[in-house]
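Residue-level structural notes
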Amino acid sequence: MTSKLKTDILETVSGSGTIALTNQLSGMTTASLPTLTSAEMPVGSVLQVINAFTTTEVAIGSGTSTYADTGLTATITPTSTSSKILVIFTLQQFMTQVAGYGRNKLVRGSTDIREFGFALYAGASTIMGHQTGQFLDSPSTTSATTYKLMFNSGLGNINCQYDDGNGDSVSTITLMEIKG
């Protein structure tokens, strides 16, 4: 439903005069709207988004107790030390046993900041699955900051469908700077 307002005269609140509106809005475009700087944005605003992905297959050795680098890495440079970084990831994996377990670890630079554990069960001897996670980090810096995902499991590969070695799957990481 469209509304239309028609009037002959607009009068000021004090009644001391009238306001002419003839063609006041003509010629306005979105280009004439002001651009806000990150300092002018309200708290909670998304200031920037960085996305990265990998299709590289990473084989995890049987019975390993160490973390392997998934190759899933992204770097962001916060605009303020009060900014938060929301990290969202999806990691594709191929498990080679009926029951699967594992851990993902989120690392900022060389600092472990969060571990995500998971367990999978399938009625067959293999399963293709994905793990997702998110974490809101407070790096307190304006320097370039790198986040990466590590994986620990003695059961399978990363980014490999059907164990064919072709790196068919895509794992992703997204970094969002949130104004603090």
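Everything discussed here concerns the structure shown above.
A short tour of the structure in this document, coming up. Residue positions are counted from 1 within each chain, in the order its sequence is given. Residues qualify for local features only when their pLDDT is at least 70, as the model is predicted, and side-chain atom pairs are given and counted only at 80 or more; totals for whole chains, interfaces and linings, by contrast, use all residues. Values shown for side chains rest on all heavy atoms present in the structure; no hydrogens or waters enter the calculation.

1. Points about the side chain of T174
In this fold, T174 is placed in strand β12 (residues 171-178). Here a polar contact means two N or O atoms within 3.5 Å. Within protein one must be a hydrogen donor candidate and the other an acceptor candidate, and residues neighboring in sequence count only if both atoms are side-chain atoms. Within the structure, the side chain of T174 is placed 2.6 Å from the side chain of N51, a separation counted as a polar contact. Contacts are assigned to residue pairs with any non-hydrogen atoms lying within 4.5 Å of each other. Those residues in contact with T174 that lie beyond four places of it in its chain are V49, I50, N51, L86, V87 and I88. Helical segments are the DSSP runs of H or I of at least four residues, strand segments are the runs of E of at least two, and each set is numbered from the N terminus.

2. Let's talk about the pattern of salt bridges
Should a side-chain nitrogen of Lys or Arg be within 4 Å of a carboxyl oxygen of Asp or Glu, the pair is scored as a salt bridge. Under the defined criterion, the tally for this structure stands at three salt bridges. Ionic pairing is found between D137 and R108, a salt bridge with its closest N-O pair at 2.6 Å. With a gap of 29 residues between them, D137 in strand β9 (residues 127-137) and R108 in strand β7 (residues 99-108) connect regions that are remote in the sequence. Working definition: with a 1.4 Å probe on protein chains only, accessible area under 20% of the residue-type maximum means buried, over 50% means exposed, and in between means partly exposed. Taking the relative accessible area as the measure of exposure, D137 reaches 5% and is therefore buried.

3. Focus on the nonpolar core
Residues V87, L91, L106, Y147, I173 and L175 are the most contacted members of the largest nonpolar core, which totals 19 residues. Of all elements in the fold, only β5 (68-76), β6 (84-95), β8 (111-121), β10 (145-152) and β12 reach the threshold of two or more residues within this core. The element contributing the most residues to this core is β6, with four residues. If near-sequence neighbours (up to four positions away) are discounted, L175 is found in contact with Q48, V49, I50, A74, T75, I76, I85, L86, V87 and Y147. We call a set of buried residues a nonpolar core when its members are Ala, Val, Leu, Ile, Met, Phe, Trp, Tyr or Cys and they connect through side-chain atoms within 4.5 Å of each other.

4. Details of the side chain of T145
Within the secondary structure, T145 sits in strand β10. Within the local environment of T145, its side chain forms a polar contact with the backbone oxygen of S143, the two atoms lying 2.9 Å apart. Ignoring anything within four residues of it in the chain, the contact list for T145 reads A74, T75, I76, P78 and R108.

5. Remarks on the packing of aromatic side chains
In summary, the pairing rule links any two rings of Phe, Tyr or Trp, Trp by its six-membered ring, whose centres are within 6.5 Å, and it sorts them by plane angle into stacked for under 30 degrees, edge-to-face for over 60 and tilted for everything else. Per the counting criterion, the structure on display carries one aromatic pair. Ring centres of F89 and F116 lie 5.1 Å apart, and the angle between their planes is 70°; this geometry places the pair in the edge-to-face category. Placement of F89 in strand β6 and of F116 in strand β8 is noted, with a sequence separation of 27 residues between them. Across the pair, F116 and F89 agree in class, each one buried. The ring of Y67 has K105 lying over it, and the distance from NZ or CZ to the ring centre is 4.0 Å. Criterion for a charge above a ring: Arg CZ or Lys NZ at most 6 Å from the ring centre, at most 35 degrees from the ring normal.

6. Notes on the environment of S138
Tracing the backbone through its elements, the reader meets S138 in the loop between β9 and β10. Residues S138 and T81, spaced 57 residues apart in sequence, show a C-alpha to C-alpha distance of 8.4 Å. With near-sequence residues (within four places) excluded, S138 lies in contact with S83, K84 and R108.

7. What to know about the pairing of β10
With respect to burial, β10 is a largely interior element, six of its eight residues being buried. Pairing between strands is defined by DSSP: at least two bridges between the two strands are required. The sheet contact formed by β5 and β10 spans seven bridges and is antiparallel. Opposite L72, over in β10, you have L149 as the bridge partner.

8. Quick look at the environment of I173
Note that I173 resides in strand β12. A C-alpha to C-alpha distance of 5.7 Å links I173 and I88, two positions 85 residues apart in sequence. When near neighbours in sequence (up to four residues on either side) are disregarded, I173 contacts I50, N51, A52, L72, T73, A74, V87, I88, F89 and Y147.

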